[in-house]
Amino acid sequence: MTDKTILSVTAIKEGTVIDHIPAKSLFKVISILELDKLNAQMTFGTNFISKKLGRKALIKISNKFFKDEEIDKIALVAPEAKLNIIKDYQVVEKREVEVPDTITGIVKCMNPNCVTNNENVITRFNVISKKEVALKCCYCEKITDQEHLKII
Amino acid sequence: MKNKSLISINDYTPDELLKIINLAEEFEKNPIQDILKGKVIATLFFEPSTRTRLSFESAVNRLGGRIIGFTDASSSSVKKGESLRDTIKTVSNYCDLIVMRHPLDGSARFASEVANVPVINAGDGANQHPTQCLLDLYSIKKTQGTLENLNISLVGDLKYGRTVHSLLMAMSNFNPTFNFISPNELKIPDEYKLFLDNKGIKYYEHTDFSDIISRADIIYMTRIQKERFSDPIEYEKVKNSYVLHNDMLKNTKNNLKILHPLPRVNEISEDVDKNEKAYYFTQALNGVYTRQAIISSILGLK
Ligand SMILES: [Zn+2]
């Protein structure tokens, strides 16, 4: 099945399609974007075969348009994700996601002795590398790398 | 710097570091002043550290300030399960400044975000201990006359030693040459080497504690702790290889001074103590002047 036919199965009139999500990250993306709290019509598809990603997932959300800072958070788990903005069944804009400079919440600090893992504190990181993601905790100053990155 | 918390040594610019050092010099000449009269300083020690606490309290007392606080968490509401947020929020109503020591990394930064008075970090877990770093800088400046272009040997546990990491970051503003002397298991972490590479600062790594110290202006000794080794046999092999003895100082420079954050175990043999190059006890005294400088600068009194 090609991307086009998937899109046509449940085409949306207005909204956002997020494509090229690694299949294993689908539920993380749902949680980061808090889609479970959203009242919109949504379609989730997963385990489509992709040459680039192996197995990929996609999300279609009707009547929802994300702000850059909202959507860029998913770059942590889906760096290759592509956004299609749909108006009147047409793709009017395509966007890629970029890891933001700072990340508040979402990620757990990998240092077990960090105050954020022991008191009720929202995590905050400065992004010191975007390609191989590396996050420096604003509290304990330790680095959480891609390999140890856990979504809260 | 007024009202600005001191949490990490990286919070201060090179100019601010120098300002504190110059101020410490002033306090050394005139350590008893009444400038903290009417001020209340809270010393919150969630884990005991007698040495650091006494140094802070001596600094405050000599400037006429008052102290409230606790010396370990077991005697406070913390034991009853109060959150750090609540403790800090409450205490910051009672004082002009909080000095805090806490076993969790990052606790001091968090406290500074919650408190409505400035916070001085007196050690947050394995993370930062900026007043120790500033007193090290003051000791270096005082004994060498400058912070610029010095040859500094750092010896012992360079992997976990937070004083070493802070000193390295702070001194890197002043074009030093570093010699790192440590067992393989406790080598300086890559992130610090990367930091020095980016700044273009020269450094050399050694596993032998040898002639290299003949070029040093400063030898900074640290403790090697058994619990840092995954293999106890490795510890036994290296534990006596990083001990400074008096006879090793024969060919060293006249201006050399030996520093140690204290307490020492056996890494500096006692025969070094009477050598005029031994500076670690004076270094501890310098902590009082440095802390006077930090407190009065944050309270906007100097
Ligand atoms: Zn942390």
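Rules used throughout
Residues numbered from 1 in each chain as written. Chains lettered and ligands numbered in written order. Predicted model: local features only at pLDDT ≥ 70, side-chain atom pairs only at ≥ 80, totals over all residues. Heavy atoms only, no water. Helix = DSSP H or I, 4+ residues; strand = E, 2+ residues; numbered from the N terminus. Rg over C-alpha atoms; globule rule 2.2 N^0.38 Å. Buried < 20%, exposed > 50% of the residue type's maximum accessible area, 1.4 Å probe, protein only. Contact = heavy atoms within 4.5 Å. Areas by Shrake-Rupley, 256 points an atom, 1.4 Å probe, with all protein chains shown as cover. Lys, Arg positive; Asp, Glu negative; His and termini not counted. Charge placed at Lys NZ, Arg CZ, Asp CG, Glu CD. Domains from an automatic or database assignment. Buried area = accessible area lost by both parts, 1.4 Å probe. Salt bridge = Lys/Arg side-chain N within 4 Å of Asp/Glu carboxyl O. Donors = N, O, S within 2.8 Å, 3.2 Å for Na, K, Ca; no water. Tetrahedral: all angles 85-135°; square planar, octahedral: opposite > 155°, others 65-115°. Phe/Tyr/Trp six-rings, centres within 6.5 Å; stacked < 30°, edge-to-face > 60°. Polar contact = N/O pair within 3.5 Å; in protein donor to acceptor, adjacent residues only side chain to side chain. Nonpolar A, V, L, I, M, F, W, Y, C, P; charged D, E, K, R; others polar.

### Quick notes on the overall build of chain A
1) Next: The helix and strand inventory of chain A stands at three helices and eleven strands.
2) Next: From first element to last, N terminus to C terminus, chain A shows the α and β order α-β-α-β-β-α-β-β-β-β-β-β-β-β.
3) Next: Computed over C-alpha atoms, the radius of gyration of chain A comes to 17 Å, within 12% of the 15 Å expected from 2.2 N^0.38 for 152 residues, which places it in the range of a compact globule.
4) Next: Structurally, chain A occupies a C-alpha span of about 50 × 30 × 20 Å along its principal axes.
5) Next: The buried share among the 152 residues of chain A stands at 45%.
6) Next: Looking at chain A alone, contacts between residues at least 24 apart form 58% of all its contacts between residues at least 6 apart.
7) Next: Total accessible area computed for chain A in this model is approximately 8700 Å², and 51% of it derives from carbon and sulfur atoms.
8) Next: Averaging the positions of the 24 positive and the 20 negative side-chain charges in chain A gives two centres separated by 4 Å.

### Overview of the domain arrangement of chain B
Residues and elements named next belong to chain B.
1) Next: Entries for chain B in the domain assignment read domain 1 (9-128 + 287-298) and domain 2 (131-284).
2) Next: Put simply, the middle of domain 1 and the middle of domain 2, counted by C-alpha atoms, are 26 Å apart.
3) Next: Carbon and sulfur atoms make up 62% of the area that domain 1 and domain 2 hide from each other, which totals about 1900 Å².
4) Next: The three residues of domain 1 that bury the most area against domain 2 are Ile9, Ile21 and Arg51, which together make up 28% of that side's buried surface.
5) Next: Glu28 is the partner of Lys142 in a salt bridge, and the nearest nitrogen-oxygen pair spans 2.8 Å.

### Things to note about the coordination of the zinc ion
All names here are of chain A.
1) Next: Those protein atoms acting as donors to the zinc ion are Cys109 (SG), Cys114 (SG), Cys137 (SG) and Cys140 (SG), and they sit at 2.3 to 2.4 Å.
2) Next: Viewed at the metal, the four donor atoms of the zinc ion are separated by angles of 99 to 118 degrees, and the geometry they form is tetrahedral.
3) Next: Read in sequence order, the donor residues coordinating the zinc ion give the pattern C-x4-C-x22-C-x2-C. Of the two residues, Cys109 is situated in the loop between β7 (107-108) and β8 (124-129) and Cys140 in the loop between β9 (134-137) and β10 (143-145); the sequence distance between them amounts to 31 residues.

### Structural notes on the pattern of salt bridges
All names here are of chain A.
1) Next: Tallying each qualifying case throughout the model produces 23 salt bridges over all chains.
2) Next: A salt bridge links Glu96 to Lys82; the nearest nitrogen and oxygen atoms lie 4.0 Å apart. One end of the pair, Glu96, is in strand β5 (residues 90-96); the other, Lys82, is in strand β4 (residues 82-87), and 14 residues separate them in sequence.
3) Next: On the accessibility criterion, Glu96 (55% relative accessible area) is exposed.
4) Next: Classification of Lys82 by relative accessible area gives partly exposed; the value is 26%.
5) Next: Note that Asp101 and Lys130 form a salt bridge whose closest N and O atoms lie 2.9 Å from each other. Linking Asp101 in the loop between β5 and β6 (102-104) with Lys130 in the loop between β8 and β9, this pair joins segments that are 29 residues apart in sequence.

### Focus on the packing of aromatic side chains
Residues and elements named next belong to chain B.
1) Next: Tallying each qualifying case throughout the model produces six aromatic pairs over all chains.
2) Next: Judged by centre distance (5.7 Å) and plane angle (15 degrees), the rings of Phe178 and Phe180 are stacked.
3) Next: An angle of 40 degrees between the planes, with centres 5.8 Å apart, marks the rings of Phe180 and Tyr203 as tilted. Taken together, the residues Phe180 in strand β6 (residues 177-181) and Tyr203 in strand β7 (residues 202-206) connect sequence positions 23 residues apart. In this pair, the class of Phe180 matches that of Tyr203, namely buried.

### Looking at unusual backbone geometry
1) Next: The residue after Leu262(B), namely Pro263(B), is reached through a cis peptide bond having omega 0 degrees.
2) Next: Of note, Pro263(B) is situated in the loop between β9 (257-259) and α9 (280-298).
3) Next: Of note, the phi angle at Asn47(A) is positive, near 65 degrees, even though the residue is not glycine.
4) Next: At Asn149(B), a position not held by glycine, the phi torsion is positive, near 55 degrees.
5) Next: By secondary structure assignment, the location of Asn149(B) is in the loop between α5 (130-144) and β5 (151-155).
6) Next: Looking at Asn149(B), the relative accessible area reads 52%, which means it is exposed.

### Details of helix α6 (residues 162-171) of chain B
1) Next: Of all ten residues in α6(B), ten are buried, a share of seventy percent or more.
2) Next: All of the buried residues in α6(B) are Arg162(B), Thr163(B), Val164(B), His165(B), Ser166(B), Leu167(B), Leu168(B), Met169(B), Ala170(B) and Met171(B).

### Here's the deal with the interface of chain A and chain B
1) Next: Across the contact, 15 residues belong to chain A and 18 residues belong to chain B.
2) Next: Carbon and sulfur atoms make up 43% of the surface buried where chain A meets chain B, a total of about 1200 Å² over both sides.
3) Next: A per-residue breakdown of the area chain A buries against chain B is headed by Glu119(A), Tyr139(A) and Glu141(A), which together make up 40% of the total.
4) Next: In this assembly, chain A and chain B are joined by one salt bridge.
5) Next: A salt bridge links Glu113(B) to Arg124(A); its shortest N-O distance comes to 2.9 Å.
6) Next: Applying the counting rule to chain A against chain B returns ten residue pairs in polar contact (both at pLDDT 80 or more).
7) Next: Of the residues assigned to the side of chain A that touches chain B, the class counts are seven nonpolar, four polar and four charged.

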